[in-house]
Amino acid sequence: MRAVVFDMDGTLLDSVPTVSRAYADAIRSLGGPPVSPEEVVASWHVGHTNLVLAHFLGRACGPAEVECFHAHLDPAVTELRPFPGIAALLYELADAGWRLGVFTAATRRVALSMLAAAGIDARFGVVVAGDEVERPKPAPDGLLLAVRQLGVPAEATAYVGDAEVDLGCAKAAGSLGVHARWGARAGVRAGAHPVAARPCDVLSLLVAPRRRTGNAMARPGAPQPESGRSADQLRLAGEEGQP
């Protein structure tokens, strides 16, 4: 493993309630049906903003509808924060030499504004958004684009996400999918993928301790101790999230 790519909403940022409410309010103001935030979240697999709005409004959506969505979302973006432990995780991974990226179903406009508001945008060498790829998750297009831009093979990359489509995306790309269970997204099935209950668990899943004093973690590509586990072994850790 040499790189880690993250989903954004519900993985890096505690943003699912904020974004889903903005969608629900925009859909209502655009003459669409009343929808709950939970219904909005269940529709996110269709793709980026235009596609989600079109899904509920039953018509093609363009700049006017997108601006209506932003009128509801943008005032709340400044209040968004990373999940507890995310900032420390990103620091530790970067300090250990891992290449970091983001692949999100959100548009680039939304992704950049939210990551910047949360104060973690500078941690990522690559951000790939849903409106920059043809097929949404679980298709691997966005993750494959991210790893190409990072200069790392897909099989040497972990993709961390809170949703079933994230894990499916990782599998389709040939990467290691890690379930970010701290996001508490419903509907993720048990499977042959490692589970991180907290952000700090990502480190224990992906990085084996060096055989030396102190708390330094093994650098990507460095020789691993015999107790380290391969990607295939990590996949077999399953839904128990075993260290």
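Shown above is the structure to which this text applies.
Since this is a predicted model, take the numbers as computed values, not measurements.

**Comments concerning the packing of helix 4 (residues 63-77) against helix 6 (residues 108-117)**
Okay, step 1: One can describe the packing of helix 4 onto helix 6 by two numbers: an axis separation of 11 Å at closest approach and a directional angle of 10 degrees. It follows that helix 4 is roughly parallel to helix 6 by the angle criterion. Where helix 4 abuts helix 6, its residues Glu 67, Phe 69, His 70, Leu 73, Asp 74 and Val 77 lie against Arg 109, Val 110, Ser 113, Met 114 and Ala 117.
Okay, step 2: Broken down by class, the residue content of the contact of helix 4 with helix 6 amounts to six nonpolar, two polar and three charged.

**A short note on the packing of aromatic side chains**
To describe a pair of aromatic rings, you give the distance between the ring centres and the angle between the ring planes.
Okay, step 1: Counted according to the given criterion, the structure contains four aromatic pairs.
Okay, step 2: Considering the side-chain rings of Phe 6 and Phe 124, the 6.3 Å spacing of their centres and the 70 degrees angle between planes classify their relative orientation as edge-to-face. A residue pair is termed long-range when its members are at least 10 positions apart, and Phe 6 in strand 1 (residues 3-6) and Phe 124 in the loop between helix 6 and strand 3 (126-128) qualify at 118 residues. For the pair shown, Phe 6 and Phe 124 are each scored as buried.
Okay, step 3: Among the aromatic residues, those joined into a ring-pair cluster are Tyr 23, Trp 44 and Phe 69.
Okay, step 4: When the ring centre of Phe 103 is taken as reference, the NZ or CZ atom of Lys 137 above it lies at 5.1 Å.

**Section: the environment of Ala 192**
Okay, step 1: Structurally, the position occupied by Ala 192 is in the loop between strand 5 (176-180) and strand 6 (195-196).
Okay, step 2: Given the relative accessible area of 52%, Ala 192 is considered exposed.
Okay, step 3: For the pair Ala 192 and Gly 177, spaced 15 residues apart in sequence, the C-alpha to C-alpha distance is 9.2 Å.

**Some points on the sheet that holds strand 4 (residues 157-161)**
Okay, step 1: Here six strands make up an open sheet; going across it, the order is 3-2-1-4-5-6 and the pairing parallel. Among the strands making up the open sheet, the edge pair consists of strand 3 and strand 6.
Okay, step 2: Note that strand 5 and strand 6 share two bridges and pair parallel. Across the sheet, the residue bridging to His 179 is Val 195, located in strand 6.
Okay, step 3: Across the sheet, helix 8 (residues 164-173) touches strand 2 (99-103), strand 4 and strand 5, and the angle it forms with strand 5 is around 165 degrees.

**Comments concerning helix 9 (residues 199-206)**
Okay, step 1: Extensive coverage of helix 9 is indicated by the burial of six of its eight residues.
Okay, step 2: Taken together, the buried positions of helix 9 are occupied by Pro 199, Asp 201, Val 202, Leu 203, Leu 205 and Leu 206.

**Regarding the nonpolar core**
Okay, step 1: Ranked by internal contacts, the top residues of the largest apolar core, which has 56 residues, are Phe 6, Leu 12, Phe 69, Phe 124 and Leu 206.
Okay, step 2: Here this core takes seven residues from helix 1 (residues 16-29), the largest share from any one element.
Okay, step 3: Not counting residues up to four positions away in its chain, the partners in contact with Leu 12 are Phe 6, Asp 7, Pro 82, Phe 83, Ile 86, Leu 90, Val 102, Leu 115, Ile 120 and Phe 124.

**Considerations on the pairing of strand 2**
Okay, step 1: For strand 2, the tally of buried residues reaches four of five residues, placing the bulk of the element in the interior.
Okay, step 2: One ladder, built from four bridges, connects strand 1 with strand 2; its direction is parallel. By the bridge assignment, Phe 6 is partnered in strand 2 with Val 102.
Okay, step 3: In terms of strand pairing, strand 2 meets strand 3 through three bridges, oriented parallel. Opposite Phe 103, over in strand 3, you have Val 128 as the bridge partner.
Okay, step 4: Taking the sense of rotation as the criterion, the β-α-β connection linking strand 2, helix 6 and strand 3 turns out right-handed.

Definitions and limits used
- Residues numbered from 1 in each chain as written.
- Predicted model: local features only at pLDDT ≥ 70, side-chain atom pairs only at ≥ 80, totals over all residues.
- Heavy atoms only, no water.
- Axes fitted to C-alpha atoms, helices over the stretch in contact; angles between N-to-C directions.
- Helix = DSSP H or I, 4+ residues; strand = E, 2+ residues; numbered from the N terminus.
- Parallel < 35°, antiparallel > 145°, perpendicular 65-115°, else oblique.
- Contact = heavy atoms within 4.5 Å.
- Nonpolar A, V, L, I, M, F, W, Y, C, P; charged D, E, K, R; others polar.
- Phe/Tyr/Trp six-rings, centres within 6.5 Å; stacked < 30°, edge-to-face > 60°.
- Buried < 20%, exposed > 50% of the residue type's maximum accessible area, 1.4 Å probe, protein only.
- Lys NZ or Arg CZ within 6 Å of the ring centre and 35° of its normal.
- Pairing = 2+ DSSP bridges.
- Core = buried A, V, L, I, M, F, W, Y, C linked by side-chain atoms within 4.5 Å.
- Right-handed = clockwise from strand over helix to strand, strands pointing away.

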